[in-house]
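As a plain string of letters, each chain reads:
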Amino acid sequence: MWDQEIRQMASSHAIMASGVFMATVVPAVLVPGFSVYGTHLLWLYSVAGAVSVVNITLFWLLGVSSPTKKHTITYKVSRLVRSCLYLLLSCLFFHTVVILYGAPLLETALETFSLAVLLTSLTTLRCVCVLGPNVQAWIRVFSRHGAMSVWDTSLQMVVGCSVVGAWLGAFPIPLDWDRPWQVWPVSCSLGAVIGYLTGLVAAPAWIHWHRKHLTYKIK
């Protein structure tokens, strides 16, 4: 019963992964001297921008977000403002967490905040697109057995993989290897993007494998 929605999810995830690929290839063609390591912040913001545009467009076209009963202009503007506010707070939250985990407070503030922007585009933005600016719904989805649709399950997996990828990416930084990808925050942002791509692949595959045991209802 889930085959159509799983195919829809797999197709949309393929487009999202293609967005990351294009965000890496297009600047390499258009910008002289561009590289993931050498011009890392440019690549980081290119990926964050591509992920944001693709996610917002796809989820809007698919109509995944829960329908709202109110259709007034005032309500829609309020919803948009709250979404932007949550994204800004997410950037500040990730920035604070990364500093608490040992990133320099002032020396690399721009790099740290850029990583926070990337993490927000990979995680919080997807929450806003799928669930809307509804913190209670976010808490419900990320609680045990809180998923109510296949999109909720994919949200759990993609967000989890992105955060874990960024965390794992921090491990090589203190090692005495003197590699360009050990410069802050290259390995963390690469880990986050690799984790994001892993989640995009793993979510539809896991849901397809367990589809006979899924009992939640489509929202």
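Basis of the calculations
Residues numbered from 1 in each chain as written. Predicted model: local features only at pLDDT ≥ 70, side-chain atom pairs only at ≥ 80, totals over all residues. Heavy atoms only, no water. UniProt positions renumbered as here; feature names shortened; annotations may be inferred. Helix = DSSP H or I, 4+ residues; strand = E, 2+ residues; numbered from the N terminus. Contact = heavy atoms within 4.5 Å. Patch = residues over 30% accessible without salt bridge, like charges linked within 9 Å, V, L, I, M, F, W, Y side chains within 5 Å. Areas by Shrake-Rupley, 256 points an atom, 1.4 Å probe, with all protein chains shown as cover. Salt bridge = Lys/Arg side-chain N within 4 Å of Asp/Glu carboxyl O. Buried < 20%, exposed > 50% of the residue type's maximum accessible area, 1.4 Å probe, protein only. 1 Å grid on protein atoms, 1.4 Å probe; cavity = no way out; pocket = protein on both sides within 12 Å on 5 of 7 lines; lining within 4 Å. Points joined across faces, edges and corners; volume = space filled by probe spheres on them. Nonpolar A, V, L, I, M, F, W, Y, C, P; charged D, E, K, R; others polar.

As annotated in an unreviewed UniProt entry, the protein chain is Phosphatidylinositol glycan anchor biosynthesis class F from Oncorhynchus kisutch. Regarding the protein chain, the UniProt comment filed under Subcellular location (unreviewed entry) reads as follows: "Endoplasmic reticulum membrane". According to the UniProt record, the Pathway (unreviewed entry) comment for the protein chain reads "Glycolipid biosynthesis; glycosylphosphatidylinositol-anchor biosynthesis."

Visitor: Break down the environment of V117 for me, with residues and values.
Guide: Along the chain, V117 falls in helix α4 (residues 109-122). For V117, the residues in contact, after removing those within four places along its chain, are Y45, A48 and C91.

Visitor: Would you mind going over a nonpolar patch on the surface in detail, with residue names and values included?
Guide: Together, F21, M22, V25, V26, V29, L30, V31 and L42 give the surface a local cluster of nonpolar side chains, amounting to about 710 Å² of exposed area. Looking at the nonpolar patch, the element that brings in the most residues is helix α1 (residues 3-30), giving 6 residues. Inspection of the secondary structure puts L42 in helix α2 (residues 40-62). The exposure class of L42 is partly exposed, given its relative accessible area of 41%.

Visitor: I'd like to hear about the layout of surface pockets, residue by residue, with values.
Guide: Its boundaries defined by the atoms lining it, the second largest pocket holds a volume of some 470 Å³. As for the second largest pocket, its lining consists of 17 residues, of which V98, Y101, A166, W167 and A170 are closest to the centre. With 4 residues, the single largest contributor to the lining of the second largest pocket is helix α3 (residues 73-100). Here the residues of the lining of the second largest pocket sort into 16 nonpolar, 1 polar and no charged.

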